[in-house]
Amino acid sequence: MSLDLTDLRLFVHVAEAPSLTQGARHACLSTAAASARIQQLEAQLGKRLFYRSSRGMALTASGQRLLTHARRVLRQLDHLTHDMAGDDDRAGHLRILANTTAVTELMPAVLGEFLATRPRLTIDLRERLNHEVVRGVEQGSADMGIVAGPIGTAGLERYHFSTDRLVLITAPDHPLAQRQSVVLEDLVEDFHVGLPDTSSLMQFLTRRFEGVGAELKLRVQVSGFEAICRLVAAGVGVGVIPESAALRHRRLMTLALIHIDAPWAVRERSVVVRNAAELPGGGMALIEALMAFGRTDQPPKA
């Protein structure tokens with residue numbers, strides 16, 4: 001039996017989506033072509049790989065087994081490509097999972113210069129919750145992950161590169177604007193400006209409010225931290241965002257920043273990998289770039 005590597009990559013993309021349309025997009029195929037390839041792969045193996053429904057694609061037991069092997073094969077192929085290129089860290093493909101702040105704020109700042117000097121290196125960057133990032137690295141669906149805050153990473157190599165914290169931002173005339181610090185219970189009566197429900201930060205904050213028996217009251221949800229800051233400055237509501245983002249946007253608009261007195265507000269940012277020595281081309285160089293960025297991008301201490 002001879003399996004096509006394009007089919008294996010497509011299968012992994014669909015399994016991780018888990019949606020035929022999204023998987024096809026990641027594989028740069030049309031949905032119709034992707035569907036035909038998956039059906040051909042199932043016929044070739046004589047196994048049903050997915051349960052199909054209106055809610056998406058779910059792996060069968062046979063599909064789960066193939067996913068384990070497919071990830072291993074593709075990872076080895078990436079390593080082979082890297083080895084054949086010698087020590088060239090300017091070529092290869094990296095799969096990265098990261099939380100909201102890393103995807104929207106950190107990685108764009110780091111990747112500009114990093115990728116500009118590595119024209120043959122490609123990166124697949126996807127947003128996930130912290131625990132999903134760790135699981136993805138453990139299972140091999142990602143080469144590296146970027147996490148923040150206290151989270152178990154036993155069995156993985158962890159490289160701490162910076163510390164940020166979540167802060168409350170308000171308009172200058174808000175009742176809390178003159179406070180030095182607040183606790184979560186101080187925020188339950190206010191309407192918030194937040195990110196979409198699918199963002200890892202919004203899901204994290206929702207769980208924190210539920211933990212004190214309250215609901216995160218949302219007035220409007222927008223796509224990024226700059227939009228949150230603009231609406232908060234206009235008096236639409238309050239927001240909880242990373243301090244690094246708040247300080248950057250405060251240069252252009254009038255905002256009050258108030259520290260949140262809670263252990264979960266301190267966000268230790270780290271890269272997690274299975275084995276740095278086995279990363280595809282550019283992997284170790286990217287870790288070093290993140291470490292260097294972290295040394296120069298620390299918010300000032302209160």
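Here the structure is a predicted model, which is why all the values come from computation and not from measurement. (Residues numbered from 1 in each chain as written. Predicted model: local features only at pLDDT ≥ 70, side-chain atom pairs only at ≥ 80, totals over all residues. Heavy atoms only, no water.)

1. Quick notes on the overall build of the chain
In terms of regular secondary structure, the chain is built from ten helices and twelve strands. Against the globule reference of 19 Å for 302 residues, the chain gives a C-alpha radius of gyration of 22 Å, in line with a compact fold. For the C-alpha atoms alone, the extent of the chain along its principal axes is close to 70 × 45 × 35 Å. A total of 302 residues make up the chain; the buried ones form 49% of that total. Sequence-distant contacts in the chain: of pairs separated by 6 or more residues, those separated by 24 or more amount to 74%. Taken as a whole, the chain presents about 14800 Å² of accessible surface, with 51% of it coming from carbon and sulfur. When the 34 positive and 33 negative side-chain charges of the chain are each reduced to one mean point, those points stand 4 Å apart. (Helix = DSSP H or I, 4+ residues; strand = E, 2+ residues; numbered from the N terminus. Rg over C-alpha atoms; globule rule 2.2 N^0.38 Å. Buried < 20%, exposed > 50% of the residue type's maximum accessible area, 1.4 Å probe, protein only. Contact = heavy atoms within 4.5 Å. Areas by Shrake-Rupley, 256 points an atom, 1.4 Å probe, with all protein chains shown as cover. Lys, Arg positive; Asp, Glu negative; His and termini not counted. Charge placed at Lys NZ, Arg CZ, Asp CG, Glu CD.)

2. Observations regarding the packing of helix H1 (residues 5-16) against helix H3 (residues 31-45)
Relative placement of two packed helices is described by the angle separating their axes and the distance separating the axes. In the contact formed by H1 and H3, the axes pass within 10 Å of each other and the chain directions differ by 105°. It follows that H1 is roughly perpendicular to H3 by the angle criterion. In this structure, H1 uses Thr-6, Asp-7, Leu-10 and Phe-11 to contact H3, whose residues at the interface are Ala-34, Arg-37, Ile-38 and Leu-41. (Axes fitted to C-alpha atoms, helices over the stretch in contact; angles between N-to-C directions. Parallel < 35°, antiparallel > 145°, perpendicular 65-115°, else oblique.)

3. Observations regarding the nonpolar core
Core analysis: the largest hydrophobic core is formed by 37 residues, its most contacted members being Leu-168, Ile-228 and Trp-264. Sorting the residues of this core by element identifies strand E6 (157-170), helix H7 (200-211), helix H8 (225-233), strand E10 (239-242), helix H9 (243-250) and strand E11 (256-260) as the ones contributing at least two each. Aside from chain neighbours lying at most four places away, what touches Trp-264 is Leu-166, Leu-184, Phe-204, Leu-205 and Arg-208. Listed in part, the 22 residues of the second largest apolar core include Ala-98, Leu-111, Val-273 and Ile-287. (Core = buried A, V, L, I, M, F, W, Y, C linked by side-chain atoms within 4.5 Å.)

4. Here's the deal with H1
In this model, H1 (twelve residues) spans 17 Å end to end at C-alpha, consistent with the 16 Å of a helix rising 1.5 Å per residue. Counting buried positions along H1 yields nine of twelve residues, so the element is predominantly enclosed. Listed in full, the buried residues belonging to H1 are Asp-7, Leu-8, Leu-10, Phe-11, Val-12, His-13, Val-14, Ala-15 and Glu-16. N-capping of H1 is provided by Asp-4, with a side-chain oxygen placed 2.7 Å from the backbone N of Thr-6. (Expected span 1.5 Å × (residues − 1). Polar contact = N/O pair within 3.5 Å; in protein donor to acceptor, adjacent residues only side chain to side chain.)

5. A few points about the pattern of salt bridges
For the structure on display, the rule yields ten salt bridges. For Glu-226, the salt bridge identified is with Arg-230, shortest N-O distance 3.1 Å. Of the two residues, Glu-226 and Arg-230 both sit in helix H8, four residues apart, roughly one turn of that helix. Residue classification places Glu-226 among the partly exposed positions, given a relative accessible area of 38%. What makes Arg-230 partly exposed here is its relative accessible area of 47%. (Salt bridge = Lys/Arg side-chain N within 4 Å of Asp/Glu carboxyl O.)

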